[in-house]
Amino acid sequence: MRLRKLLSGLIAATILLSAFAGCNSGTPSSSDTGDTDSETSVSTPADDTSEEDGAEEGTTAADATPLELWTFQEVHRSFYETMAEKWNEANPDKAIDLTVSVQPFDDMHNKLTIALQSGEGAPDMCDVEINRFPTYLEGEPQFMDLTSYVDPYRDDIVAARLEVYSKDGVNYGIPTHVGATVAFYDTSILNEAGVDYKEIKTWDDYKEAGLKVVEATGKAMGAAETDRTFIYQAMLAAQDADMTDENGDPALDSEASIKALSTIQELVEAGVDQTIPGGSVDAEEGYGAINAGGYATIISPLWYMSRYPAYMESIEAGRIGIAPIPVFDEADYGVSYGGGGTGTVVTVQSENPELAGEWLCWAKLSEEGNRDIWNVLGFDPCNISLWEDEELTTDESNQFISFFIDNPFDVLNTIKDDIRTIKSTYAVPTIDDIMTNVVLPDIIENGVPAEEAAVAAQEQAVNELGL
Amino acid sequence: MIKKFFYNQKVAPYMFILPFLIIFCVFFIYPMASTIVMSFQDVKPGMTEWVGLANFQRLFGDKVFFKALGNSFLYMVLTLVLLIPFPMMFACMINSKLMKAPGLFKSLMYLPAITSVVVAGTIFRLAFSETEYSLMNQIVGMFGIEPVRWLRQQGTGFFVLLLVACWRWTGVNMMYFLSGLKSIPEELYESASIDGANGWQKFIKITMPLLKPTTIYVLTISIYAGLAMFTESFILWNGNSSPNNITLTIVGYLYRQGIEKNDLGYASTVGLVLLIIAMTINLIQLRINGTLGGEED
């Protein structure tokens with residue numbers, strides 16, 4: 001009898017526990033959502049309190065217009081809430097009552113798809129990740145035309161970043177950052193092998209240095225990522241090429257694409273780049289491996305800066321150097337490309353699209369907003385005049401400026417004139433899928449020749465898109 | 001008047017089944033009809049156009065779809081092999097008079113079924129992580145084996161998937177078999193004992209045939225569940241994409257196309273093909289077993 005009681009107690013407890021655990025899995029988890037291309041960043045426990053703050057502050061303005069915003073990034077919330085507060089101070093006549101709802105990456109995008117597809121339930125505004133963006137522009141875009149709201153700020157903003165969230169010349173999404181891709185070097189490993197990262201200009205230099213590193217330390221020069229395409233895209237951009245052709249159709253078997261994939265494979269076969277647990281430098285397991293000092297180089301958009309203080313405790317300040325990415329031809333050194341990103345949109349279902357558009361563009365494109373994008377989020381702001389603003393660039397109290405050997409803005413300013421774009425077309429979500437699920441695992445782990453993998457990928461993409 | 005209506009012998013039965021009928025129509029018939037229609041369309045927000053058989057053409061040239069189909073099929077077959085004989089055996093053991101504390105084992109075997117698969121999947125994912133510090137790699141490390149990249153290879157990936165399936169469903173299937181066993185009259189075993197039958201003969205000649213209705217039921221739902229598997233793979237690989245699509249299932253592919261890529265027309269085609277496959281297999285299976293239209297025993 002007692003046993004039975006004990007058992008039923010145990011079962012009840014399990015049900016309860018799993019139910020709660022189920023709830024838990026619904027709360028935002030920033031890095032483990034499998035999203036590798038967004039500019040995910042630090043989420044601190046302190047952010048959790050801001051929800052209440054936001055709610056309280058919202059109720060103070062009696063006639064404030066309620067606006068709802070969805071995001072998949074905890075830190076974006078603090079940014080938006082800060083900007084809402086500042087807006088309300090400056091524009092009491094147009095006050096907004098902003099509710100920011102943070103949801104897991106896939107969940108949020110899928111919910112948005114369903115809401116837009118069914119014509120009901122979408123928020124006023126929403127963060128949409130760059131690789132997902134084109135799916136929403138198919139058919140009649142269910143986003144508001146923000147062109148006229150962007151106009152007042154247009155001259156200050158990197159045009160390419162507005163373009164990736166546009167269709168037929170209409171701006172639908174507001175960018176968050178440039179995402180200039182750079183190389184992060186761990187000098188504690190490089191010094192051991194006698195390598196100076198400032199000397200690495202081409203992929204040949206990189207390979208040579210890598211061989212030295214592997215021989216001297218037994219560690220990897222870089223991470224061969226199967227889950228992210230930044231290195232591949234950077235290699236394409238450096239050749240002035242793209243994943244898609246002028247019509248936006250896939251071009252995965254182009255000469256440039258094969259060259260990029262062959263180079264990635266070559267580096268793996270030479271033992272210079274090695275696979276990383278989790279398939280990405282931007283995943284939990286990956287952080288652990290880098291934290292343990294296993295990889296000398298990380299090639300990533302600049303927003304990767306925030307990962308060091310947040311997830312890699314053993315890596316101390318003054319150890320990581322930042323430099324432009326290696327290129328194929330030394331003359332191209334200093335070329336970069338804007339990787340990853342989030343475009344924030346106003347949906348057609350918004351009841352106050354004018355106010356939402358006006359506030360959103362002010363928050364993300366104005367000089368004031370761009371300062372906070374750097375200060376709060378640690379992203380390279382799209383307003384590049386700020387890159388030379390000494391107040392911002394030499395602020396030693398900023399955690400990123402004091403953490404790295406090189407001032408991030410010094411690196412940004414050397415590559416500023418040639419930050420290229422990888423187009424975001426309707427084919428990109430499919431291409432991204434094929435690259436991370438098939439091509440990269442094939443060439444990195446299964447030894448499939450790069451050219452063969454590229455041709456097969458092109459065939460699959462063309463078929464899957466029904467071309 | 002109203003009273004008369006409700007007390008009417010002809011109307012009452014329909015009133016009783018009405019709730020079921022409404023739910024069936026709204027959640028089954030309507031979506032199914034809609035899926036069939038959409039599989040011939042290109043569905044985009046704000047515009048829908050008829051494309052004839054274009055979606056089917058795409059489907060039959062789609063390597064990833066066939067990969068997913070193969071995965072789902074393999075998973076179904078392997079789960080049938082594992083999840084019918086073993087639960088049946090466990091049920092017989094628990095039903096045996098020689099068994100100590102059968103209630104305890106019943107509860108323990110059933111516990112996984114009521115555990116959130118999200119939690120379980122996450123724990124399995126971490127246990128089978130490819131780092132040398134993961135639980136499983138530490139265990140195989142004791143035998144001097146190098147860390148295994150569990151979730152990145154076809155064989156080991158499927159092994160983990162099946163392990164989760166067995167962990168989760170053994171108890172449930174066992175319960176089905178247990179309830180089947182309870183309905184077998186004790187006298188049959190007694191008279192068999194008197195005739196000198198041993199335990200194995202009793203199992204083959206009495207238990208197995210009399211358990212047939214239960215077995216057919218378990219088989220039918222297992223075929224469907226195997227082909228429709230999605231959550232386990234989704235959670236173990238932390239999303240819908242596994243390297244080289246090693247564990248992408250048909251439903252996973254449907255989800256990828258319909259929800260992640262917003263191509264509901266193509267996804268409907270995938271869903272329709274899944275429906276046809278699952279129906280065909282089950283109809284053949286039920287026919288062979290004599291449940292449907294075959295000779296009655």
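All of these numbers come straight from a predicted model, not from anything done at the bench.

Conventions we followed
- Residues numbered from 1 in each chain as written.
- Chains lettered and ligands numbered in written order.
- Predicted model: local features only at pLDDT ≥ 70, side-chain atom pairs only at ≥ 80, totals over all residues.
- Heavy atoms only, no water.
- Contact = heavy atoms within 4.5 Å.
- Buried area = accessible area lost by both parts, 1.4 Å probe.
- Salt bridge = Lys/Arg side-chain N within 4 Å of Asp/Glu carboxyl O.
- Polar contact = N/O pair within 3.5 Å; in protein donor to acceptor, adjacent residues only side chain to side chain.
- Helix = DSSP H or I, 4+ residues; strand = E, 2+ residues; numbered from the N terminus.
- Buried < 20%, exposed > 50% of the residue type's maximum accessible area, 1.4 Å probe, protein only.
- Domains from an automatic or database assignment.
- Nonpolar A, V, L, I, M, F, W, Y, C, P; charged D, E, K, R; others polar.
- Expected span 1.5 Å × (residues − 1).
- Arc of directions from axis to C-beta.
- Phe/Tyr/Trp six-rings, centres within 6.5 Å; stacked < 30°, edge-to-face > 60°.
- Pairing = 2+ DSSP bridges.
- Axes fitted to C-alpha atoms, helices over the stretch in contact; angles between N-to-C directions.
- pLDDT = per-residue confidence, 0-100.

Visitor: Sorry if this is basic, but what is going on with the interface of chain B and chain A here?
Guide: Reports often express the size of an interface as the amount of accessible area lost when the parts come together. With 39 residues of chain B at the contact, the number on the chain A side is 43 residues. Ranking the residues of chain B by area buried against chain A places Pro45, Asn244 and Lys261 of chain B at the top, with a combined share of 16%. Our count for the chain B to chain A interface comes out at seven salt bridges. Between glutamate 445 of chain A and arginine 152 of chain B there is a salt bridge; the shortest N-O distance is 3.0 Å. Between chain B and chain A we count 20 residue pairs in polar contact (both at pLDDT 80 or more) in total. Every element with two or more residues in the side of chain B that touches chain A is listed here: strand E1 (41–44), helix H4 (63–83), helix H6 (102–114), helix H7 (117–127) and helix H14 (250–260) of chain B. Here the element with the most residues in the side of chain B that touches chain A is H14 of chain B; it accounts for six residues.

Visitor: Explain unusual backbone geometry to me, please; I cannot follow it from the model alone.
Guide: Note: most residues except glycine have negative phi, and most peptide bonds are trans. Positive phi, close to 50°, is recorded for aspartate 168 of chain A, a residue that is not glycine. With respect to the secondary-structure elements, aspartate 168 of chain A resides in the loop between strand E4 (166–167) and strand E5 (170–171). Judged by relative accessible area, which is 73%, aspartate 168 of chain A ranks as exposed. Although it is not a glycine, asparagine 245 of chain B sits at a positive phi angle of roughly 55°. By secondary structure assignment, the location of asparagine 245 of chain B is in the loop between helix H13 (231–236) and H14. Of the residues examined, asparagine 245 of chain B reaches a relative accessible area of 3% and is grouped as buried.

Visitor: When you look at the domain arrangement of chain B in this model, what are you seeing that I'm missing?
Guide: Residues and elements named next belong to chain B. The domain boundaries assigned to chain B delineate domain 1 (1–38) and domain 2 (53–288). Contact with domain 1, which involves four residues of that partner, is made by six residues of domain 2. Taking both partners together, domain 1 and domain 2 bury about 400 Å²; carbon and sulfur atoms supply 77% of that area. Viewed at the interface, domain 2 and domain 1 are joined by zero salt bridges. At the junction of domain 1 and domain 2, the tally comes to zero residue pairs in polar contact (both at pLDDT 80 or more). Taken together, the residues of the side of domain 1 that touches domain 2 sort by class into three nonpolar, one polar and no charged.

Visitor: Mind showing me how you'd approach helix H11 (residues 199–210) of chain B here?
Guide: An α-helical segment advances 3.6 residues per turn. Residues three or four places apart therefore align on the same side. Residue and element names in this part refer to chain B. Given a rise of 1.5 Å per residue, 12 residues ought to cover 16 Å, and the 15 Å separating the end C-alpha atoms of H11 matches this to within 8%. For H11, the set of buried residues is Phe203, Ile206 and Thr207. Along the long axis of H11, the arc covered by the buried residues comes to 125°, so they all point the same way. Turned more than 90 degrees from where H11 packs its buried face, Trp200 and Lys205 sit exposed. Buried residues along H11 sit in contact with helix H5 (85–95), helix H9 (154–182) and helix H10 (186–194).

Visitor: How should the packing of aromatic side chains be read in this particular structure?
Guide: Within a pair of aromatic rings, the relevant descriptors are the distance that separates the centres and the angle that separates the planes. Residues and elements named next belong to chain A. Applying the stated criterion across every chain, the model contains 35 aromatic pairs over all chains. Centroid distance tyrosine 80 to tryptophan 359: 6.2 Å. Interplanar angle 50°. Geometry classified as tilted. One end of the pair, tyrosine 80, is in helix H3 (residues 74–90); the other, tryptophan 359, is in helix H14 (residues 353–365), and 279 residues separate them in sequence. Ring centres of tyrosine 185 and tyrosine 197 lie 5.3 Å apart, and the angle between their planes is 20°; on these two criteria the pair is classed as stacked. Here tyrosine 185, found in strand E6 (residues 181–186), pairs with tyrosine 197, found in the loop between helix H8 (187–192) and helix H9 (203–217); they are 12 residues apart in sequence, far enough to count as distant. The exposure class assigned to tyrosine 185 is buried, which follows from its relative accessible area of 0%. Given a relative accessible area of 6%, tyrosine 197 falls into the buried group. These aromatic residues form a ring-pair network of at least three members: Phe184, Tyr304, Tyr308, Phe403 and Phe404.

Visitor: Please clarify how the domain arrangement of chain A should be interpreted in this entry.
Guide: Residue and element names in this part refer to chain A. Splitting chain A by domain gives domain 1 (45–178 + 340–388) and domain 2 (181–337 + 420–464). Domain 1 and domain 2 are separated by 30 Å when their C-alpha centres are compared. Taken together, the 13 residues of domain 1 in the interface contact 12 residues of domain 2. On the domain 1 side of the interface with domain 2, the three residues burying the most area are Asn131, Pro134 and Val164, jointly 39% of the side's total. Linking domain 1 with domain 2 are zero salt bridges. One can count zero residue pairs in polar contact (both at pLDDT 80 or more) joining domain 1 with domain 2.

Visitor: Explanation requested: the pattern of salt bridges in the structure shown.
Guide: Opposite charge on two side chains permits pairing when their charged atoms draw close. Scanning the entire structure with this criterion turns up 29 salt bridges over all chains. The salt bridge partner of glutamate 464 of chain A is lysine 261 of chain B, with a shortest N-O separation of 3.0 Å. Here glutamate 464 of chain A is found in helix H20 (residues 450–464), whereas its partner lysine 261 of chain B is found in the loop between H14 and helix H15 (264–288) on a different chain. Connected through salt bridges with shared partners, the residues Asp433 and Glu464 of chain A together with Arg256 and Lys261 of chain B form a single ionic network.

Visitor: Just checking my understanding: could you explain the sheet that holds strand E2 (residues 96–102) of chain A for this structure?
Guide: All names here are of chain A. Ordered in space as E2-E1-E3-E12, the four strands form an open sheet in which the pairing is mixed. The sheet terminates laterally at E2 and strand E12 (342–346), the two strands that pair on one side only. Averaged over all pairs of adjacent strands, the angle between their axes in this sheet comes to 20°, without regard to strand direction. Inspection of the sheet shows strand E1 (residues 65–71) paired to strand E3 (residues 125–129) by two bridges, in the parallel sense. Bridge pairing links leucine 69 to methionine 125 in E3. On top of the sheet, H14 reaches E1, E2, E3 and E12; it is set at about 155° to E12, its chief contact.

Visitor: Just to check I follow, could you spell out the confidence of the model for chain B for this structure?
Guide: One rule of thumb: low pLDDT means the predicted coordinates there are not for detailed reading. Per-residue pLDDT for chain B has a mean of 89; in total, 98% of the residues score no lower than 70. When pLDDT is averaged over each helix and strand of chain B, the minimum, 74, is found for helix H1 (residues 2–7) of chain B and the maximum, 94, for H4 of chain B.

Visitor: Help me understand the sheet that holds strand E10 (residues 320–324) of chain A, please; the structure alone is not making it clear to me.
Guide: Paired through backbone hydrogen bonds, the strands of a sheet run either parallel or antiparallel to each other. All names here are of chain A. If you walk across this open sheet you meet the five strands as E8-E7-E9-E6-E10, and the pairing is mixed. In this open sheet, the two edge strands, each paired with only one partner strand, are strand E8 (273–275) and E10. Sheet twist, expressed as the average angle between the axes of neighbouring strands with direction ignored, equals 35°. Bridge analysis of strand E7 (residues 220–224) against E8 gives three bridges, and the strand direction is parallel. In the sheet register, glycine 222 faces E8, and the bridge partner there is aspartate 273.

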